[in-house]
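This is what each chain is made of:
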Amino acid sequence: MSDGFFLTFEGADGSGKSTQARRLAEALKAEGRDVVLTREPGGSTGAEEIRRLLVEGDPGRWSAETEILLFFAARRDHLERTILPALERGAIVISDRFSDSTRVYQGAARGELRAVVDTMHKLMIGKEPDLTLVIDIDAETGLKRGLARNSGEDRFEELGAGFQQKLRHGYRALLTDFPTRCIGIDGKGDEDTVATRVRDALIGRLP
Ligand code: TYD
């Protein structure tokens, strides 16, 4: 058993979770805590290589099944090389996305593959976060923010507004599936407002 704390941020594209994850990591570091900020897909050398296969190119490049295998290959490497070693030394690990993203994106939004995702998670990962903050944003705002970035990593954003709507429903269902682990955060408003909501949600929960 590890002594660290494993916190994940989840939400649809453009929800602001990456900004909030970074801000929280900076704030906790400023308090003198040992914090590792990481992300998925990616977070380790091998997983970052797999990331490029996943986020660039034609939206129809992979079937949902192939995508699941690639995400889990990346996640296993991320877990082995980044997350577990940091938790073992007692760090707070903040990951921008983890298995819940696969549950929602591949499991709910792109086909009825949730059972496959849960089985893969159990077999190859077997670790849930201690706490997950799910940033909720309406589909249109999310899509606008996501595409405005012009990052060249828009394979998922390019699936359009209907897909974003499914993601929102998927994330809401997640809050019901994991009521003790997952907390919903309203993503409306400016960065500071949402950051305050994040800090409020953490009161009494961090070690
Ligand atoms: P991310 O880098 O978080 O993108 P963004 O900053 O736009 O939120 O993730 C890249 C894309 O990969 C994103 O559209 C969500 C998708 N994704 C999945 O479909 N399944 C997964 O398991 C993960 C981790 C990400």
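Residues numbered from 1 in each chain as written. Predicted model: local features only at pLDDT ≥ 70, side-chain atom pairs only at ≥ 80, totals over all residues. Heavy atoms only, no water.

Student: Sorry, what's going on with the overall build of the chain here?
Tutor: Summing up its helical and strand segments, the chain has 8 helices and 5 strands in all. Order of helices (α) and strands (β) in the chain, N terminus to C terminus: β-α-β-α-α-β-α-α-β-α-α-β-α. Taking 17 Å as the expected radius of gyration for a compact globule of 207 residues, we find that the chain reaches 16 Å, a close match to that expectation. Across the chain, the fraction of contacts at a sequence separation of at least 24, relative to all contacts at a separation of at least 6, is 76%. (Helix = DSSP H or I, 4+ residues; strand = E, 2+ residues; numbered from the N terminus. Rg over C-alpha atoms; globule rule 2.2 N^0.38 Å. Contact = heavy atoms within 4.5 Å.)

Student: Quick question: what am I supposed to make of the nonpolar core here?
Tutor: Generally speaking, nonpolar side chains in soluble globular proteins are found buried as a group. Judged by nonpolar contacts, the single largest core of 20 residues is most densely connected at Leu-7, Phe-9, Leu-24, Ile-94, Leu-133, Val-198 and Leu-202. When residues of this core are traced back to their parent elements, those giving at least two are strand 1 (5-11), helix 1 (17-30), strand 3 (92-96), strand 4 (131-136), strand 5 (182-186) and helix 8 (191-202). Listed in part, the 17 residues of the second largest apolar core include Leu-70, Tyr-105, Val-134 and Leu-167. (Core = buried A, V, L, I, M, F, W, Y, C linked by side-chain atoms within 4.5 Å. Buried < 20%, exposed > 50% of the residue type's maximum accessible area, 1.4 Å probe, protein only.)

Student: Could you clarify how one ought to interpret the packing of aromatic side chains in this entry?
Tutor: The way to describe two aromatic rings as a pair is by their centre distance and the angle between their planes. Under the defined criterion, the tally for this structure stands at 2 aromatic pairs. Ring centres of Phe-6 and Phe-98 lie 5.0 Å apart, and the angle between their planes is 80°; on these two criteria the pair is classed as edge-to-face. You can see Phe-6 sitting in strand 1 and its partner Phe-98 sitting in the loop between strand 3 and helix 4 (99-109), a full 92 residues away along the chain. Taken as a pair, Phe-6 and Phe-98 share a single burial class, namely buried. Ring geometry for Tyr-105 against Phe-163: centres 5.9 Å apart, planes inclined by 70°, an arrangement best described as edge-to-face. Here the residue Tyr-105 occupies a position in helix 4, and Phe-163 occupies one in helix 7 (residues 161-177), the gap between them amounting to 58 residues. (Phe/Tyr/Trp six-rings, centres within 6.5 Å; stacked < 30°, edge-to-face > 60°.)

Student: Help me understand the pattern of salt bridges, please; the structure alone is not making it clear to me.
Tutor: Charged atoms that come close allow side chains of opposite charge to pair. By the definition in use, this model includes 21 salt bridges. The residue Asp-96 makes a salt bridge to Lys-17 at a minimum N-O spacing of 2.8 Å. Of the two residues, Asp-96 sits in strand 3 while Lys-17 sits in helix 1, which places them 79 residues apart along the sequence. Relative accessible area serves as the criterion here: at 10%, Asp-96 is assigned to the buried category. Judged by relative accessible area, Lys-17 falls into the buried class, the value being 7%. Its salt-bridge partner being Glu-191, residue Arg-23 comes within 3.1 Å of it at the nearest N-O pair. Within this pair, whereas Arg-23 is found in helix 1, its partner Glu-191 is found in helix 8, the two being separated by 168 residues in sequence. A relative accessible area of 43% places Glu-191 in the partly exposed class. One network of salt bridges, in which partners are shared, links Asp-100, Arg-103, Arg-114, Asp-118, Glu-128, Asp-177 and Arg-181. (Salt bridge = Lys/Arg side-chain N within 4 Å of Asp/Glu carboxyl O.)

Student: How do you make sense of the sheet that holds strand 2 (residues 35-39) when you look at a structure like this?
Tutor: Across a sheet, strands are paired by hydrogen bonds formed along the backbone, either parallel or antiparallel in direction. The parallel open sheet is built from 5 strands, whose spatial order is 2-3-1-4-5. Of all strands in the sheet, those with a lone pairing partner are strand 2 and strand 5, marking the two edges. Neighbour to neighbour, the strand axes of the sheet diverge by 20° on average, direction disregarded. (Pairing = 2+ DSSP bridges. Axes fitted to C-alpha atoms, helices over the stretch in contact; angles between N-to-C directions.)

Student: Quick question: what am I supposed to make of the site of the ligand here?
Tutor: Taken together, the neighbourhood of the ligand is formed by 17 residues, with Asp-13, Arg-51, Arg-97, Thr-102 and Arg-149 sitting nearest. Between the ligand and Arg-75 there is a distance of 3.2 Å, counted from an oxygen atom to a side-chain nitrogen or oxygen. Where the shell around the ligand is concerned, the elements lending two or more residues are helix 1, helix 2 (45-55), helix 3 (64-88) and helix 4. A total of 4 residues in the shell around the ligand trace back to one element, the largest contributor, which is helix 4. Here the residues of the shell around the ligand sort into 5 nonpolar, 4 polar and 8 charged. (Near = heavy atom within 4 Å. Polar contact = N/O pair within 3.5 Å; in protein donor to acceptor, adjacent residues only side chain to side chain. Nonpolar A, V, L, I, M, F, W, Y, C, P; charged D, E, K, R; others polar.)

Student: Sorry, what's going on with helix 2 here?
Tutor: For an α-helix, the turn length of 3.6 residues means that residues three or four places apart are oriented alike. Ala-47, Ile-50, Arg-51, Leu-54 and Val-55 are the residues of helix 2 that are buried. Summarising the axial view, the buried residues of helix 2 lie within an arc of 125°, below the 170-degree limit, and thus occupy one face. Buried positions along helix 2 lie against strand 2 and helix 3. Once helix 2 finishes, Gly-57 follows within two positions and takes phi at roughly 100°, a positive value. (Arc of directions from axis to C-beta.)

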